[in-house]
Amino acid sequence: MPENISNNALILALLSLNGEIAIQKDYLESDEIPEDEVADEEEVLDDLEQAFMEFVDVYKARALADKSLPSLDELLAGEA
């Protein structure tokens, strides 16, 4: 991931992915998914979680260098 991404873009990406993960988990726990689509939807969740973790790694490194950024826990707790 390029280092020239702004802090704001990084924060928005993390919050968006975190929200999408929650939505996907709720969807997977619902009875709305046809049986033949469950595996595909689980793959979507895996992809979202992988992307989230990649952004988390970048954010942690950025937060170490920029003490004005909230901790990851504070950032994600503020979303709830």
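This text follows the structure it describes.
Just so it is clear, the structure is predicted and the values come from calculations on it, not from any experiment. (Residues numbered from 1 in each chain as written. Predicted model: local features only at pLDDT ≥ 70, side-chain atom pairs only at ≥ 80, totals over all residues. Heavy atoms only, no water.)

1. Re the overall build of the protein
Okay, so step 1: A count of helical and extended segments in the protein gives three helices and zero strands.
Okay, so step 2: Relative to the 2.2 N^0.38 estimate, which gives 12 Å for 80 residues, the radius of gyration of the protein is 15 Å and therefore markedly larger than a compact globule would have.
Okay, so step 3: Projected onto the principal axes, the alpha-carbon positions of the protein cover approximately 45 × 25 × 15 Å.
Okay, so step 4: Burial status across the protein gives 26% buried among its 80 residues.
Okay, so step 5: Long-range contacts, defined as pairs at least 24 residues apart, comprise 68% of the intrachain contacts of the protein with a sequence gap of at least 6.
Okay, so step 6: Here the protein carries 4 positive and 22 negative side-chain charges, and the mean point of each set is 18 Å from the other. (Helix = DSSP H or I, 4+ residues; strand = E, 2+ residues; numbered from the N terminus. Rg over C-alpha atoms; globule rule 2.2 N^0.38 Å. Buried < 20%, exposed > 50% of the residue type's maximum accessible area, 1.4 Å probe, protein only. Contact = heavy atoms within 4.5 Å. Lys, Arg positive; Asp, Glu negative; His and termini not counted. Charge placed at Lys NZ, Arg CZ, Asp CG, Glu CD.)

2. Brief notes about helix α2 (residues 38–65)
Okay, so step 1: The terminal C-alpha atoms of α2, which comprises 28 residues, lie 41 Å apart, in line with the 40 Å expected from a rise of 1.5 Å per residue.
Okay, so step 2: Residues E41, L45, L48, F52, F55, V56, V58, Y59, R62 and A63 constitute the buried set of α2. (Expected span 1.5 Å × (residues − 1).)

3. Focus: the pattern of salt bridges
Okay, so step 1: Counted under the stated rule, the structure contains one salt bridge.
Okay, so step 2: For K25, the salt bridge identified is with E49, shortest N-O distance 3.8 Å. Note that K25 is positioned in helix α1 (residues 7–29) and E49 in helix α2, a separation of 24 residues in sequence. (Salt bridge = Lys/Arg side-chain N within 4 Å of Asp/Glu carboxyl O.)

4. Remarks on the packing of α1 against α2
Okay, so step 1: At their nearest, the axes of α1 and α2 sit 9 Å apart, and the two run at 155° to each other. What the angle tells us is that α1 and α2 run roughly antiparallel. Once α1 is placed against α2, the crossing between them reads as left-handed.
Okay, so step 2: Class assignment of the residues belonging to the contact of α1 with α2 gives a composition of 18 nonpolar, three polar and six charged. (Axes fitted to C-alpha atoms, helices over the stretch in contact; angles between N-to-C directions. Parallel < 35°, antiparallel > 145°, perpendicular 65-115°, else oblique. Left-handed = near helix turned anticlockwise from the far one by under 90°. Nonpolar A, V, L, I, M, F, W, Y, C, P; charged D, E, K, R; others polar.)

5. Remarks on a negative patch on the surface
Okay, so step 1: A cluster of acidic residues, E35, D36, E37, D40, E42, E43, D46 and D47, forms a negative patch at the surface.
Okay, so step 2: Relative to the elements of secondary structure, E37 occurs in the loop between α1 and α2. (Patch = residues over 30% accessible without salt bridge, like charges linked within 9 Å, V, L, I, M, F, W, Y side chains within 5 Å. Areas by Shrake-Rupley, 256 points an atom, 1.4 Å probe, with all protein chains shown as cover.)

6. With respect to the nonpolar core
As a rule of thumb, soluble globular proteins bury nonpolar side chains together.
Okay, so step 1: Formed by 17 residues in total, the largest nonpolar core has its most connected members in L14, F52, F55, Y59, L72 and L75.
Okay, so step 2: Going through the elements one at a time, α1, α2 and α3 (72–79) are the ones with two or more residues in this core.
Okay, so step 3: Considering every element that reaches this core, the biggest residue donor is α2, with eight residues.
Okay, so step 4: Ignoring anything within four residues of it in the chain, the contact list for F52 reads L14, L17, N18, I21 and L76. (Core = buried A, V, L, I, M, F, W, Y, C linked by side-chain atoms within 4.5 Å.)

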